[in-house]
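The residues making up each chain are set out below.
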Amino acid sequence: MSLKAGIVGLPNVGKSTLFNAITKKNILAANYPFATIDPNVGVVTVPDTRLEFLENLYLPKSLVPTTFEFTDIAGLVKGASKGEGLGNKFLSHIREVDAIVEVVRCFKDNNITHVEGDVDPERDIDIINIELILADLEIIDNRIEKIAKKAETTKDKEALEELTILRKCKESLEKNIPLRLIGLTEEETKIIKAFNFITLKPLIYVANVSEEDASVGENIYTKKVMELASKENTNTIVMSAKMESELSELEESEKKLFLEELGINYSGLDRLIFATYDLLGLQTFFTVGSDEVRAWTFQKGMIAKKCAGLIHSDIERGFIKAEIMKYTDLEELKDEKKVQEAGKLNLEGKDYLMQDGDIVYFRFNV
């Protein structure tokens with residue numbers, strides 16, 4: 001299951017520095033707007049301590065963690081929806097992602113120019129949100145113009161349903177309310193899915209602070225971001241992109257020691273990955289053996305047969321049963337046979353609702 005998050009924000013807020021840390025790639029990060037012109041895509045592994053236990057238990061030939069894709073999208077500016085800067089191109093890239101990570105500058109640095117002249121996270125968030133809203137409004141207006149007369153003349157049920165939902169969306173956007181906040185039903189969302197509205201995508205804020213503020217965890221600017229995020233029922237991850245970039249150059253043991261000295265359990269990057277994973281409703285199941293231990297990403301609410309299809313379409317097509325044990329049971333008993341003897345190895349059918357941490361062997365016949 002390939003899912004990706006897009007990193008957005010104004011120029012010079014630390015997006016590319018954050019992306020460098022995420023992917024450990026040295027892409028262009030410069031002190032001027034539009035240093036990133038084409039979207040840069042990087043794959044990051046999702047930290048999971050359960051894999052370490054499974055690796056030590058099975059000693060597999062290969063270990064495959066689950067991954068997540070981040071896209072660094074060049075900085076938006078005021079007027080992007082009208083083509084200012086390189087706006088239209090960037091907005092099209094945002095439409096292709098599943099979730100949005102909005103980086104907000106929460107630090108002062110006279111050596112790094114702010115495109116708006118000074119540090120004001122509320123204003124910066126407003127600029128980004130308005131541009132994304134205007135981009136969605138343009139699509140809605142064009143679509144309404146195209147189908148309204150036909151829908152109202154022919155009384156076509158599907159066309160009228162679509163028109164009603166689009167008008168509802170338009171009304172909200174004109175009040176500067178993103179579509180993710182208006183409580184669309186599952187059926188309504190399905191009807192407008194093809195439009196790929198940007199403001200319908202789940203969003204999380206990254207409050208980018210100085211290295212000095214990273215260990216403290218907040219400042220006057222981050223508090224403002226958190227207040228806004230709370231109103232939108234989303235999360236804020238406070239981190240120093242610069243420090244995360246430096247941490248990404250360290251060996252894992254050095255990184256762990258450094259964080260311990262700061263009194264931090266997880267790096268900002270790890271917290272961002274966890275939060276983004278959760279934002280999209282993603283969970284993990286495992287397949288294990290002497291050849292391979294592997295983590296698989298699935299959407300919360302998926303049934304066993306559909307999860308089998310993530311491995312191979314033949315397994316889904318020929319699905320018979322799923323042998324499932326819980327990671328927590330295996331961790332406690334430390335042996336598959338003991339799990340089975342304890343009556344904790346279960347045979348489940350195709351409609352079994354998969355759970356995070358399930359260890360699965362799919363029986364199938366093609």
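Scroll up to find the structure this text is about.
Predicted, not measured: the structure shown is a model, and the values here were computed from it. (Residues numbered from 1 in each chain as written. Predicted model: local features only at pLDDT ≥ 70, side-chain atom pairs only at ≥ 80, totals over all residues. Heavy atoms only, no water.)

Draft legend 1. Main features of the environment of Tyr327. With respect to the helices and strands, Tyr327 occurs in helix α14 (residues 327–333). Assessed through its relative accessible area of 8%, Tyr327 is described here as buried. For the pair Tyr327 and Gly357, spaced 30 residues apart in the sequence, the C-alpha separation amounts to 5.3 Å. Excluding residues that lie within four positions of it along the chain, Tyr327 makes contacts with Arg50, Phe53, Leu54, Gly357 and Ile359. (Helix = DSSP H or I, 4+ residues; strand = E, 2+ residues; numbered from the N terminus. Buried < 20%, exposed > 50% of the residue type's maximum accessible area, 1.4 Å probe, protein only. Contact = heavy atoms within 4.5 Å.)

Draft legend 2. Looking closely at unusual backbone geometry. Even without being a glycine, Asn12 presents a positive backbone phi close to 65°. For Asn12, a relative accessible area of 15% corresponds to the buried category. The backbone of Lys155 shows a phi angle near 60°, a positive value even though the residue is not glycine. Positionally, Lys155 belongs in the loop between α4 (121–154) and α5 (157–173).

Draft legend 3. Quick peek at the sheet that holds strand β6 (residues 203–208). Pairing in this open sheet of six strands is mixed, and the strands run β2-β4-β1-β5-β6-β7 from one edge to the other. This sheet does not close on itself; its edge strands, each paired only once, are β2 (40–45) and β7 (236–239). Sheet twist, expressed as the average angle between the axes of neighbouring strands with direction ignored, equals 25°. One ladder, built from six bridges, connects strand β5 (residues 99–105) with β6; its direction is parallel. Bridge assignment links Glu102 to a residue of β6, and that residue is Tyr205. Packed on one face of the sheet, α4 meets β5 and β6 and runs near 145° to β5. (Pairing = 2+ DSSP bridges. Axes fitted to C-alpha atoms, helices over the stretch in contact; angles between N-to-C directions.)

Just geometry here; none of it tells us what the structure is for.
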